[in-house]
Amino acid sequence: MRKLLLLLLGLFLCVPYAKGEEKRLSFANDVMPVFFKAGCNQGTCHGSARGKDGFALSLFGFDKRGDYFRLTQELIGRRINMAVPAESLLLLKATGAVPHTGGQRFKKETQYYQTLKTWIEQGALNDQEEVPVPLQITLDPPKITFAGNDKETPLSVTARYSDGSHRDVTRLALFFSNNNDTASIDKNGLVISHSKGDTYVFARFDRFTIGSEVIVLPEKTDYQWAGVTPANYIDERVFDRLKQLQLNPSAVADDSEFVRRLYLDLAGAPPSVQQYKRFIADPRPDKRALLVDELLKHEDFTDLWTGLWAESVRLMGGGYTPVATDVKAAESYYQWIHSQIKQNRPFDEFVREQVAATGSNLNRGPTNLYTMLVHAPRFKPKEFAADFSQLFLGVQIQCAECHNHPFDRWTMDDYYGFVSFFTGITRKPGAEPREFYIYNNRKASPVRHLVDGRPMPATVIGGESPVPAGRDSRIALAEWLTAPGNKLFSRNIANRVWAHFFHRGLVEPVDDMRVSNPPTNGPLLEAISNRFVETGFDLRQLVREICNSKTYQLSATPNATNGSDDRQFSRSRLRRLRSDVLLDSIIKATEWRRTFRDFPQGTKAIEFYPRTPGDTSQPLWRDDFLKLFGRSSRNTICSCETKGEATLSQTLHMAVGDNVHQALSSGLIDRLLASDSKPAEIISELFIRCLSRSPSAEELAAMQALVGEQAKSKQPYQDILWALINSTEFITNH
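These numbers come from a predicted model, not from an experiment.

1. So, the state of the cysteines
Thought 1: Under the counting rule described, the total for this entry stands at 1 disulfide.
Thought 2: Put simply, cysteine 638 and cysteine 640 are joined by a disulfide, and their sulfur atoms are 2.4 Å apart. Between cysteine 638 and cysteine 640 the disulfide shows an S-S torsion of about 130°. By sign, it is right-handed.
Thought 3: On the basis of relative accessibility, which here comes to 48%, the residue cysteine 640 falls in the partly exposed class.
Thought 4: Looking at the unpaired cysteine 399, the closest cysteine sulfur is the one in cysteine 402, lying at 10 Å.
Thought 5: With a relative accessible area of 44%, cysteine 402 lands in the partly exposed category.

2. Thoughts on the confidence of the model for the protein chain
Thought 1: When the pLDDT values of the protein chain are averaged, the result is 92; 97% of them are 70 or greater.
Thought 2: Counted against residues more than four places away or in other chains, residues 1-20, with its pLDDT under 50, gives 11 contacts.

3. Describing the nonpolar core
Thought 1: If you look at the biggest cluster of nonpolar residues, it comprises 144 residues, and the most contacted ones within it are Trp305, Phe388, Phe422, Phe501, Ile528, Val543 and Leu686.
Thought 2: Phenylalanine 501 has contacts with Asp265, Leu266, Trp305, Val543, Ile546, Cys547, Tyr552 and Arg575, leaving out every residue within four places of it along the chain.
Thought 3: If you look at the next biggest cluster of nonpolar residues, it comprises 44 residues, including Leu91, Ala94, Tyr112 and Ile144.

4. Notes on the sheet that holds strand β13 (residues 436-440)
Each strand in a sheet pairs with another by means of backbone hydrogen bonds, the pair being arranged parallel or else antiparallel.
Thought 1: If you walk across this open sheet you meet the 3 strands as β11-β13-β12, and the pairing is antiparallel. In the strand order of this sheet, the two ends are held by β11 (359-360) and β12 (425-429), each with one partner.

5. What to know about empty space enclosed by the protein
Thought 1: Scanning the entire structure with this criterion turns up 5 cavities of 30 Å³ or more.
Thought 2: Of the voids in this model, the largest cavity is the one considered here, and its volume is about 110 Å³.
Thought 3: Every residue lining the largest cavity is counted, 13 residues in all, and those nearest its centre are Ala28, Met32, Pro33, Lys64 and Asp206.
Thought 4: At 5 residues, the largest contribution of residues to the lining of the largest cavity is made by helix α2 (residues 27-38).
Thought 5: Here the residues of the lining of the largest cavity are counted per class, giving 8 nonpolar, 3 polar and 2 charged.
Thought 6: Lining the second largest cavity we find Arg261, Phe501, Phe502, His503, Thr551, Tyr552, Phe569, Arg571, Ser572, Arg573 and Arg575.
Thought 7: Within the lining of the second largest cavity, the residues separate by chemical class into 4 nonpolar, 3 polar and 4 charged.

6. A closer look at the pattern of salt bridges
Thought 1: Following the criterion strictly, the structure yields 50 salt bridges and no others.
Thought 2: Of the charged contacts in the structure, one is a salt bridge between arginine 693 and glutamate 729, with a shortest N-O distance of 2.7 Å. Of the two residues, arginine 693 is situated in the loop between α25 (679-691) and α26 (697-707) and glutamate 729 in helix α28 (residues 728-731); the sequence distance between them amounts to 36 residues.
Thought 3: Glutamate 729 sits in the partly exposed class, given a relative accessible area of 24%.

7. Points about the sheet that holds strand β1 (residues 134-140)
Thought 1: Taken in spatial order, the 3 strands make up an open sheet running β1-β4-β5, and their pairing is antiparallel. In this open sheet, the two strands that pair with only one neighbour each are β1 and β5 (166-168). The mean angle between the axes of side-by-side strands here comes to 25°, regardless of whether they run parallel or antiparallel.
Thought 2: Inspection of the sheet shows β1 paired to strand β4 (residues 156-161) by 6 bridges, in the antiparallel sense. Within the sheet, the bridge partner assigned to proline 134 lies in β4 and is tyrosine 161.

8. Some points on helix α14 (residues 381-392)
Thought 1: Here α14 is 12 residues long and its end C-alpha atoms lie 16 Å apart, about the 16 Å a rise of 1.5 Å per residue gives.
Thought 2: Along α14, 9 of the 12 residues are buried, which leaves the element largely enclosed by surrounding structure.
Thought 3: Buried within α14 are the following residues: Phe384, Ala385, Ala386, Asp387, Phe388, Ser389, Gln390, Leu391 and Phe392.

9. Some remarks on the side chain of arginine 634
Thought 1: Along the chain, arginine 634 falls in the loop between α21 (624-628) and α22 (648-656).
Thought 2: The buried charged residue arginine 634 lacks any salt bridge partner; its closest oppositely charged side chain belongs to glutamate 311, at an N-O distance of 4.5 Å.
Thought 3: With sequence-adjacent residues up to four places away left out, arginine 634 is seen in contact with Ala310, Glu311, Arg314, Leu315, Met316, Phe608, Tyr609, Pro610 and Glu641.

10. Quick notes on the packing of aromatic side chains
Thought 1: A complete count under the given rule lists 42 aromatic pairs for this structure.
Thought 2: On the numbers, 5.6 Å between centres and 55° between planes, the contact of tryptophan 225 with phenylalanine 239 is tilted. Of the two residues, tryptophan 225 sits in the loop between β10 (208-217) and α6 (233-244) while phenylalanine 239 sits in helix α6, which places them 14 residues apart along the sequence.
Thought 3: Between the NZ or CZ atom of lysine 243 and the centre of the ring of tryptophan 225, over which it lies, the distance is 5.0 Å.

11. A short note on helix α7 (residues 255-267)
Thought 1: The terminal C-alpha atoms of α7 lie 17 Å apart, and with 13 residues this matches the ideal 18 Å at 1.5 Å per residue to within 8%.
Thought 2: Of all 13 residues that make up α7, 12 are buried, and the element is covered over most of its length.
Thought 3: The N-terminus of α7 is capped by aspartate 254, whose side-chain oxygen sits 3.2 Å from the backbone nitrogen of serine 256.
Thought 4: Where α7 terminates, the next one or two residues include glycine 268, which has phi positive at roughly 80°.

12. Regarding the environment of arginine 611
Thought 1: Of note, arginine 611 is situated in the loop between α20 (579-590) and α21.
Thought 2: When the C-alpha positions of arginine 611 and histidine 100 are compared, they lie 55 Å apart, and in sequence the two are 511 residues distant.
Thought 3: For arginine 611, the residues in contact, after removing those within four places along its chain, are Gly317, Val327, Glu331, Asp598, Phe599 and Arg622.
Thought 4: Of note is the side chain of arginine 611, whose polar atom sits 3.0 Å from the side chain of tyrosine 609.

13. Some points on the pairing of β4
Thought 1: Of the two faces of β4, the one lined by Val157, Ala159 and Tyr161 is fully buried and the one lined by Ser156, Thr158 and Arg160 carries no buried residue.
Thought 2: The pairing of β4 with β5 spans 3 bridges and is antiparallel. Paired with alanine 159 across the bridge in β5 is arginine 167.
Thought 3: Hairpin connection of β4 to β5: 4 residues between the antiparallel strands, including glycine 164 at a positive phi of 90°.

About the criteria used
Residues numbered from 1 in each chain as written. Predicted model: local features only at pLDDT ≥ 70, side-chain atom pairs only at ≥ 80, totals over all residues. Heavy atoms only, no water. Disulfide = S-S within 2.5 Å. Buried < 20%, exposed > 50% of the residue type's maximum accessible area, 1.4 Å probe, protein only. pLDDT = per-residue confidence, 0-100. Contact = heavy atoms within 4.5 Å. Core = buried A, V, L, I, M, F, W, Y, C linked by side-chain atoms within 4.5 Å. Pairing = 2+ DSSP bridges. Helix = DSSP H or I, 4+ residues; strand = E, 2+ residues; numbered from the N terminus. 1 Å grid on protein atoms, 1.4 Å probe; cavity = no way out; pocket = protein on both sides within 12 Å on 5 of 7 lines; lining within 4 Å. Points joined across faces, edges and corners; volume = space filled by probe spheres on them. Nonpolar A, V, L, I, M, F, W, Y, C, P; charged D, E, K, R; others polar. Salt bridge = Lys/Arg side-chain N within 4 Å of Asp/Glu carboxyl O. Axes fitted to C-alpha atoms, helices over the stretch in contact; angles between N-to-C directions. Expected span 1.5 Å × (residues − 1). Lys, Arg positive; Asp, Glu negative; His and termini not counted. Phe/Tyr/Trp six-rings, centres within 6.5 Å; stacked < 30°, edge-to-face > 60°. Lys NZ or Arg CZ within 6 Å of the ring centre and 35° of its normal. Polar contact = N/O pair within 3.5 Å; in protein donor to acceptor, adjacent residues only side chain to side chain.

And the structure:
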């Protein structure tokens with residue numbers, strides 16, 4: 001028996017050297033990529049938080065040391081059979097030789113099988129020395145243009161390692177497409193065209209994701225450019241893109257379409273009859289640019305953008321003092337934001353002061369960034385860091401809390417280093433129960449890494465060096481965040497501004513900017529971002545240049561080439577009005593004196609924010625109309641909180657709800673009748689009030705027929721006003 005044991009031990013020790021000339025496989029660089037390619041460590045399989053069927057791997061292999069332990073030592077002899085490698089449960093399950101929830105992942109004749117089998121034959125060893133790690137991957141070709149459907153092009157993926165070496169990892173990469181209807185990509189990297197359009201296909205290897213742009217054009221075409229002359233750099237980038245995709249822009253919108261669009265976007269409500277007529281009658285050739293300048297100076301622009309920013313930072317006022325969001329604190333923050341927007345303070349300074357703010361929440365407005373983003377009795381660094389990153393950078397860094405970001409370049413080190421910027425944020429009770437003094441405790445300990453427990457000093461995402469000891473980490477963060485060279489910040493803000501004026505952002509959703517969610521027009525986003533920085537982060541100047549572009553001023557009417565375009569801004573798309581803009585539009589069109597809960601008479605919907613005697617750590621609207629029509633509940637920082645989808649309930653409310661009924665009964669029709677205006681004049685005024693245009697001859701004839709002999713009665717005119725408010729033309733910007 002003793003001799004038999006010695007013989008078996010000798011055989012075991014000899015296994016690693018049985019193939020003396022064979023290259024020693026690396027667990028990190030040869031074995032782990034097989035699990036990655038086979039999908040074993042994805043979130044739907046063993047990479048889930050709880051693993052699968054009693055076996056867990058780290059998501060996409062971010063914790064290689066832990067994965068090695070679980071494979072070889074957690075249950076010794078169960079998953080790895082050193083005596084008969086081919087009988088290892090790891091291989092039997094992967095090839096489907098025994099029951100496996102995940103099914104067959106690969107066959108015996110594949111290189112994936114041979115890699116795992118050889119590694120086991122060599123002793124199933126971990127890497128004893130530090131091995132090269134991937135630093136970057138490249139995808140070739142970086143751009144593909146197909147002429148016709150059902151055409152094919154293979155992609156290759158190359159990884160660059162820390163020792164300077166390069167390796168073809170195509171067979172180990174994962175592939176996916178952003179739009180399979182336009183072009184798909186198979187598991188081996190073969191791209192296939194399907195229909196006209198543009199998309200991206202992606203490759204992922206290790207922690208890196210990279211994309212190639214794919215454009216599919218008709219095989220035969222008689223396309224000719226028929227666009228307008230560019231007005232500025234925005235048009236140049238948009239039109240260049242349209243030419244690549246063989247799209248022509250629609251014609252420029254007429255004055256009526258333009259003036260309504262501009263007032264809704266810059267003032268938050270359509271023009272009055274007087275404002276409309278003045279613009280239409282203006283003979284100056286540059287009257288559009290002059291109107292843009294006029295509205296940028298108006299208080300309505302300040303109110304609109306104050307309201308948009310207040311929504312972004314979850315500004316709410318409550319009466320539950322431990323949350324530090326008392327109504328007085330909320331109003332202090334709101335008025336500070338309003339003053340900054342009004343004076344057109346450079347946006348970098350506007351943000352920087354909030355990030356570095358210290359003082360009382362009641363009288364130092366910008367300190368409330370640290371009370372409003374996360375509504376809770378105690379400050380929560382992790383939650384705050386996630387919201388901060390999503391708001392100011394458009395990066396959902398929280399996806400890297402438990403594992404490296406599955407669809408971007410951010411790692412767990414990035415996440416925990418970023419959280420440490422906020423571990424020292426302290427709310428000190430002030431002179432009265434509702435007052436808190438906000439400051440940063442520089443001696444606070446950094447957060448610890450989830451995997452190995454090491455302290456992670458404050459470090460910006462993507463940064464290599466932490467903030468020097470003793471320095472206020474928030475000052476360092478504010479300087480990095482708003483630096484002219486920080487494209488994460490400038491691209492994010494520029495994209496959010498762009499999205500306000502179009503049906504979507506260049507990156508959509510606007511708060512999910514990542515490698516695997518590229519802009520529809522990269523050169524355009526780069527251009528407006530750079531221009532934003534060049535002008536000193538001037539919000540009004542960026543808005544001015546967008547509104548003066550031909551792209552913004554295009555008609556909503558499609559042409560023969562752009563009917564299906566919803567990504568490249570070849571025409572104006574119908575945009576449902578935000579709930580507050582819709583309500584303010586009804587109020588202005590009907591001269592309704594509507595009130596808002598806890599706010600004085602004359603408050604506009606865009607100025608209204610939730611105030612409650614209770615807790616603000618829950619969804620709040622405080623107005624049924626705004627809630628029904630999709631206003632943000634401010635329960636999270638996500639841009640998805642603001643909803644633009646139409647619902648049956650909205651349709652019914654517009655048709656028979658109290659708000660529209662009260663607006664119709666506000667006295668406007670009585671005043672028009674008292675002016676002794678003729679029916680045609682009243683009808684025309686109602687059209688201008690609601691739709692910013694005069695009725696067509698057919699519309700006017702139909703409306704006059706409706707009035708008939710009831711020219712002095714309110715009813716037919718109220719019916720006309722009701723129909724106009726309920727029209728798609730009224731509830732959309734176009």
